[in-house]
Amino acid sequence: MKNPEAQQDVSVSQGFRMLFYTMKPNETSFQTLEEVPDYVKKATPFFIFLMLLELVVSWILKGKPPGRLDDALTSISAGVLSRLPSLFFRSIELTSYIYIWENYRLFNFPWDSPWTWYLTFSGVDFGYYWFHRMAHEVNIMWAGHQTHHSSEDYNLSTALRQSVLQIYTSWIFYSPLALFIPPSVYAVHLQFNLLYQFWIHTEVINNLGPLELILNTPSHHRVHHGRNRYCIDKNYAGVLIIWDRIFGTFEAENEKIVYGLTYPINTFEPIKVQFHHLFSIWTTFWATPGFFNKFSVIFKGPGWGPGKPRLGLSEEIPEVTGKEVPFSSSSSQLLKIYTVVQFALMLAFYEETFADTAALSQVTLLLSVCFIILTLTSIGFLLDQRPKAAIMETLRCLMFLMLYRFGHLKPLVPSLSSAFEIVFSICIAFWGVRSMKQLTSRPWK
Ligand SMILES: [Zn+2]
Ligand SMILES: [Zn+2]
């Protein structure tokens, strides 16, 4: 029998409560997986509202924005990229879970019992702790997770800087739950565990008193994102900080934190942000002599090298001075405004593509995804001031116009359809001239 209190639609109150994991078991228990709402998709307006609120609060408290535009665009780009595979397939975190549940389950815990709900809450969070810890301690898993740490700012947009690769290893850590927890209950908590981690990415909340003992808070997670030596490999928690306290990885916030990777990647190009460490592993793998050493390059810590302990040497982590200058785009203000407008248009198409997935043909879906990836890459090139940026942007504007003409992209406002075409034709002409100049003279600086 269905649960009459569980609903597909999310009210405003539920939207905020789901971001803080304060939804009640009876409103979020579903009998079948098909009934479970896509809470992550429904969270978008609440993300936007809280990011704007953070901007206002930061201006009031500190007199400055919580971060930089180029960094925030790159973070949101990573969030968009990480969601694209779900347009085509059910995530491996769910497919593997369903397979184990259908073939190997030992018990069938009741889907509508609050005990099952609380047990799954703890089980998913425990699985997350170990996944997250291994994602920092095993180099090949770090290749995915490093994306999330590559921002040198720390604000709500950083939470959206998600990895495309991460889910291909995280499913392993949740699979024991499939021996007894129904997939419909697991699917709810998998989403809530992720959503909870949004609000803790902020500097505007200082200390939450006694809550700091039990919960993962902005203060604890700031430590996790630090590249100061005292922050490395600390505070892996998702929701409950007690796991770090139990397993000895807890560290309280004390000296000023410098955020980001120990060796910053210095780029806003989204494909590099996602995959650069895989290339680094590849080159290290071939440069390292001996079979066991090669094996260790993949499965030991990212700081490991021959003769070193499994997680590398802490003295090799560069010391921070507090005077580090984060990598910034050297593009003009006008170009930044241009990238924001193009980014906003792309987000509107992205939202529409997700809303319409079932109605779109596979060809339209594939072309839309290619267009989104090209847009993100081109914006990254423009922000990085790459020599090929103008050529890339000309091609992207051309692709936009073609997709628009052949009906693969719907006009945002139908009555403005011809205005859109004129604007994009001007963009093609502008970037086309720039790319011709680049091809015939020295690279654009
Ligand atoms: Zn991490
Ligand atoms: Zn984080």
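Residues numbered from 1 in each chain as written. Chains lettered and ligands numbered in written order. Predicted model: local features only at pLDDT ≥ 70, side-chain atom pairs only at ≥ 80, totals over all residues.

Draft legend 1. Looking closely at the overall build of the chain. When its secondary structure is counted, the chain shows 19 helices and zero strands. For 445 residues, the compact-globule formula gives about 22 Å, and the C-alpha radius of gyration of the chain, at 23 Å, lands near that figure. Taken along the three principal axes of its C-alpha coordinates, the chain extends 65 × 60 × 55 Å. Taken over 445 residues, the chain has a buried fraction of 36%. The contacts of the chain with a sequence gap of at least 6 include a subset with a gap of at least 24, amounting to 73%. (Helix = DSSP H or I, 4+ residues; strand = E, 2+ residues; numbered from the N terminus. Rg over C-alpha atoms; globule rule 2.2 N^0.38 Å. Buried ≥ 20, exposed ≤ 12 C-beta atoms within 10 Å, placed from the backbone. Contact = placed C-beta atoms within 7 Å.)

Draft legend 2. Expanded view of the domain arrangement of the chain. Under the domain assignment, the chain is made up of domain 1 (12-199), domain 2 (276-316) and domain 3 (333-440). Computed from C-alpha atoms alone, the centre-to-centre distance between domain 2 and domain 3 is 40 Å. (Domains from an automatic or database assignment.)

Draft legend 3. Summary view of the nonpolar core. The biggest cluster of nonpolar side chains holds 67 residues, and the ones touching the most others in it are M18, L19, A43, Y97, Y186, L195 and F198. The element contributing the most residues to this core is helix 10 (residues 183-199), with ten residues. The residue makeup of this core includes at least three contributed by each of domain 1 (12-199) and domain 3 (333-440). Those residues within four positions of A43 in sequence are excluded, and the remaining contacts are G15, M18, L19 and L195. Of all hydrophobic cores here, the second largest spans seven residues; its members include V223, I257, Y259 and V320. (Core = buried A, V, L, I, M, F, W, Y, C linked by C-beta atoms within 7 Å.)

Draft legend 4. Quick look at helix 14 (residues 270-287). Look at helix 14: 27 Å from first C-alpha to last across 18 residues, which is about the 26 Å you get at 1.5 Å a residue. Its axis deflected by about 45° at H276, helix 14 carries its strongest bend there. Buried residues of helix 14: P270, V273, Q274 and H277, and no others. Among the structural elements, helix 4 (69-83), helix 7 (139-149) and helix 17 (362-384) are those in contact with the buried residues of helix 14. (Expected span 1.5 Å × (residues − 1). Bend = angle between axes of the 7 residues up to and from the residue.)

Draft legend 5. Focus on the packing of helix 18 (residues 389-405) against helix 19 (residues 417-440). Here helix 18 crosses helix 19 at 155°, and the two axes come no closer than 8 Å. When the axis of helix 18 is compared with that of helix 19, the two are roughly antiparallel. In the crossing of helix 18 with helix 19, the sense of the turn from one axis to the other is left-handed. Of the residues in helix 19, those touching helix 18 at A390, I391, E393, T394, C397, L398, F400, L401 and Y404 are F420, E421, F424, S425, C427, I428, W431, G432, R434, S435 and Q438. Across the contact of helix 18 with helix 19, the residue classes break down as twelve nonpolar, five polar and three charged. (Axes fitted to C-alpha atoms, helices over the stretch in contact; angles between N-to-C directions. Parallel < 35°, antiparallel > 145°, perpendicular 65-115°, else oblique. Left-handed = near helix turned anticlockwise from the far one by under 90°. Nonpolar A, V, L, I, M, F, W, Y, C, P; charged D, E, K, R; others polar.)

Draft legend 6. Geometry of the UniProt feature "transmembrane region" (unreviewed entry) in the chain. Per the UniProt record, "transmembrane region" (unreviewed entry) is found at residues 43-61, 115-131, 362-383 and 412-433. End C-alpha atoms of residues 43-61 are separated by 26 Å, and the span's content is 95% helix alongside 0% strand. (UniProt positions renumbered as here; feature names shortened; annotations may be inferred.)

Draft legend 7. Representation of the environment of Q438 within the structure. Looking at where Q438 falls in the secondary structure, it is placed in helix 19. The exposure class of Q438 is partly exposed, given the 16 C-beta atoms found within 10 Å. Residues Q438 and I391, spaced 47 residues apart in sequence, show a C-alpha to C-alpha distance of 8.5 Å.

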